[in-house]
Amino acid sequence: RDFVFGTCTNLVLACNYFMLTVVMTAYAMDVYAAPAALAGFCASVFIIGTLFARLECPFLIEKLGGKAILLVGVVIEALFTMLYLMDVPLPALMAIRLVHGFIYGCCSSTVATIVTSILPRSRKGEGIGYYMLSVTLGAAIGPFAGIILSRWYSYHTLFVVAAIIVIVALPFVAFMSRKAAGKKNSTKSTLTKDELEAAQDELAGAEIASDVERAKEDRAAMRAIADERSTRTSRKELIAKFLEIGAIPISLVSCIIFFGYSSLLSFLTPFAEEIGLTRAASVFFVVYAISMFITRPFTGRAFDRRGARFVMIPAFFSFSIGMLLLAFSSNDWMILGSALFLGYGVGTIQSSGLAVAVKTAADENIAKANATFYVLLDLGVGVGANGL
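Basis of the calculations
All chains use their own residue numbering, which begins from 1 and follows the written sequence. Reporting of local features is limited, given that this is a predicted model, to residues whose pLDDT is at least 70; pairs of side-chain atoms are given and counted only at 80 or more, and all residues count toward the totals for whole chains, interfaces and linings. Hydrogens and waters are ignored; side-chain quantities use all the structure's heavy atoms. Pairing of aromatic rings covers Phe, Tyr and Trp, the last counted by its six-membered ring, and requires centre-to-centre distances within 6.5 Å; plane angles under 30 degrees mean stacked, over 60 mean edge-to-face, and any other angle means tilted. Helix and strand assignments come from DSSP, with helices taken as H or I runs of at least 4 residues and strands as E runs of at least 2, each series counted from the N terminus. Working definition: with a 1.4 Å probe on protein chains only, accessible area under 20% of the residue-type maximum means buried, over 50% means exposed, and in between means partly exposed. By the criterion adopted, a ring carries a charge over it if an Arg CZ or a Lys NZ lies within 6 Å of its centre and within 35 degrees of its normal. To estimate how far a helix should extend, the number of its residues minus one is multiplied by 1.5 Å. Throughout, bend refers to the angle between the axes fitted to the seven residues that end at a position and the seven residues that start at it. Cysteine sulfur atoms are paired as a disulfide whenever they fall within 2.5 Å. In this context, the arc is that of the directions from the helix axis out to the C-beta atoms. Pairs of residues are marked as contacts when any of their non-hydrogen atoms sit within 4.5 Å. pLDDT measures how confident the predictor is about each residue, on a scale from 0 to 100. Angles here are taken between N-to-C directions and fall from 0 to 180 degrees, while the axes themselves are lines fitted to C-alpha atoms, restricted in helices to the stretch in contact. When an angle is under 35 degrees it counts as roughly parallel; over 145 it counts as roughly antiparallel; between 65 and 115 it counts as roughly perpendicular; any other value is oblique. Helix crossings fall into two classes, left-handed where the near helix is turned counterclockwise from the far one by less than a right angle and right-handed where it is turned clockwise. Within the patch definition used here, like charges are joined within 9 Å and nonpolar side chains (Val, Leu, Ile, Met, Phe, Trp, Tyr) within 5 Å, considering only residues with over 30% relative accessible area and no salt bridge. Note on areas: Shrake-Rupley with a 1.4 Å probe; residue coverage comes only from the protein chains shown. Here, a salt bridge means any Lys or Arg side-chain nitrogen found within 4 Å of an Asp or Glu carboxyl oxygen. In protein, a polar contact requires one atom able to donate a hydrogen and another able to accept it; more generally it is a pair of N or O atoms within 3.5 Å, and residues adjacent in sequence count only if both atoms are side-chain atoms.

### Quick notes on the packing of aromatic side chains
Right, on to step 1. Considering all chains together, one arrives at 13 aromatic pairs under this definition.
Right, on to step 2. Summarising the aromatic geometry, the rings of Phe5 and Phe175 are spaced 5.9 Å apart at their centres and angled 25° between planes, so their arrangement reads as stacked. Residue Phe5 is located in helix α1 (residues 2–31), and its partner Phe175 is located in the loop between α7 (169–174) and α8 (191–208); the two are separated by 170 residues in the primary sequence.
Right, on to step 3. With relative accessibility at 52%, the residue Phe175 sits in the exposed group.
Right, on to step 4. Between Tyr261 and Tyr288 the ring centres are 6.1 Å apart and the planes differ by 15°, which places this aromatic pair in the stacked class. Of the two residues, Tyr261 sits in helix α10 (residues 248–275) while Tyr288 sits in helix α12 (residues 284–306), which places them 27 residues apart along the sequence.
Right, on to step 5. Put simply, the rings of Tyr27, Tyr32, Tyr84, Tyr155 and Phe159 pair up and form one aromatic cluster.
Right, on to step 6. Of note, Arg306 hangs over the ring of Phe310, and the distance from its end group to the ring centre comes to 4.2 Å.

Below, the structure is given as structure tokens:
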């Protein structure tokens, strides 16, 4: 039950996120006459708030519980969506986006932790694949609704609908029975103590052999080794306080992929208008989602049976082909073809990458593994949208 309601909650959150993200750059350019770079930052500043939330979320889950965070977060996110209706200056709009990003980060990280903690390790790939279909639907419904509402009605209508969509999550959260519990890893390193004990043993042996001077030298050397390793351990512990060390490599890979993908999220609408292919762009994310729906159940099972490389390496090639097709698009079919390749590539990389990150962590560190993956993924999206 928690898996189903958590997945439905994530679908609603994803719809709101994608609905606003895909039009925010155009909104800043149309309403505030902002240049493209500043308009892109208006969209990506959301990610900065999300990054801070990802780092803080494991501690909040431990203190408050997942259900409490979701209930409060959903209400606040709906309120902040309504704030877009106010005619505020551009700096105030950026501040709203920043705080909204923090609230979204708390909610999405919490629901991901709840869901992934339910799944058995032998079916992480398949289960996360099904869960990430909520992101797939959100990536289809959100941008499609955002583009249609902003073009046929108004931005104000878009913001009202986005707020109502978030409120739909409240009954899903209310019916969830499981609370995410992310206990801190209280295991402390005993490296320095071990090294000193080893030095003392060596000293005792040397004294028995009547080699006191050599024993002193050995003890000093062992102390130096212990101090050096203690320093390295302290740094590692500092990183481990916020991030899951084992999840960092795959998270960095996803960061690089989403650095490139971020240009699509922020600039698809202006790009399509520039090349005169807005018709295909309006259904781009629908085709993108269809591609994910077709491939994700198969890739999830293949991940569990054949491993991450078997499904992720073809996804890297698919992503590259999709971005190249989009870059050189001269007709509707090229744009829709790029959507098919990107749907498979991005969907597989995201779900399989999260499965790898979660499988590297102990059960009590699942919240931290989720945070690590999404921190670096969001970092790629935020830096890419602003830098590209």
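### Overview of α12
Right, on to step 1. For α12, with 23 residues, the first-to-last C-alpha span of 31 Å sits near the 33 Å given by 1.5 Å per residue.
Right, on to step 2. Along α12, the sharpest change in direction is near 40° and occurs at Thr295; proline Pro297 comes one to four residues later.
Right, on to step 3. Looking one or two residues beyond α12, the residue adopting positive phi is Gly307, at roughly 100°.

### Some thoughts on the state of the cysteines
Right, on to step 1. On inspection of all chains with the given rule, the structure shows zero disulfides.
Right, on to step 2. For the unlinked cysteine Cys107, the closest cysteine sulfur is that of Cys106, found at 6.8 Å.

### Details of helix α3 (residues 66–83)
Right, on to step 1. Here α3 contains 18 residues, and its C-alpha end-to-end distance of 26 Å stays within 8% of the 26 Å for a straight helix at 1.5 Å per residue.
Right, on to step 2. The set of residues buried in α3 consists of Gly66, Ile69, Leu70, Gly73, Val74, Glu77, Ala78, Phe80 and Thr81. For α3, the angular spread of buried residues about the axis comes to 165°, placing them on one side. Exposed residues on α3 whose side chains face more than 90 degrees from its buried face are Val72 and Leu79.
Right, on to step 3. The inward-facing, buried residues of α3 abut α1, α2 (36–64), α4 (90–118), α6 (155–167) and α7.

### Let's talk about the confidence of the model for the protein
Right, on to step 1. Considering every residue of the protein, the mean pLDDT works out to 77; 81% of them sit at 70 or more.
Right, on to step 2. Throughout residues 179–191 the model reports pLDDT below 50, and contacts reaching past four residues in sequence, or to other chains, amount to 24 contacts.

### So, the packing of α12 against helix α14 (residues 332–359)
Right, on to step 1. Here α12 crosses α14 at 40°, and the two axes come no closer than 7 Å. Looking at the two axes, α12 sits oblique to α14. The handedness of the crossing between α12 and α14 comes out as right-handed.

### What to know about the environment of Gly105
Right, on to step 1. Structurally, Gly105 is set in helix α4.
Right, on to step 2. Looking at Gly105, the relative accessible area reads 0%, which means it is buried.
Right, on to step 3. Each C-alpha atom, one on Gly105 and one on Asp378, is 9.5 Å from the other, the two residues being 273 residues apart in sequence.
Right, on to step 4. Among residues more than four places away in sequence, those in contact with Gly105 are Thr50, Ala53 and Arg54.

### Quick word on a nonpolar patch on the surface
Right, on to step 1. Together, Ile48, Phe52, Leu98, Val99 and Phe102 give the surface a local cluster of nonpolar side chains, amounting to about 400 Å² of exposed area.
Right, on to step 2. Mapped onto the nonpolar patch, the elements with two or more residues apiece are α2 and α4.
Right, on to step 3. Per-element accounting of the nonpolar patch gives the leading share, three residues, to α4.
Right, on to step 4. Following the sequence through the fold, Ile48 ends up in helix α2.
Right, on to step 5. By relative accessible area, which is 33% here, Ile48 ends up partly exposed.

### Quick notes on the side chain of Thr348
Right, on to step 1. Tracing the sequence through the fold places Thr348 in helix α14.
Right, on to step 2. From its side chain, Thr348 meets the backbone oxygen of Tyr344 in a polar contact 2.8 Å long.

### Quick notes on the environment of Asp304
Right, on to step 1. Checked against the element boundaries, Asp304 lands in helix α12.
Right, on to step 2. Judged by its relative accessible area of 24%, Asp304 falls in the partly exposed class.
Right, on to step 3. Sequence separation between Asp304 and Arg121 is 183 residues, and the spatial gap between their C-alpha atoms is 9.1 Å.
Right, on to step 4. Residue contacts for Asp304: discarding those within four places in its chain leaves Ser122, Arg123, Lys124, Gly125 and Glu126.

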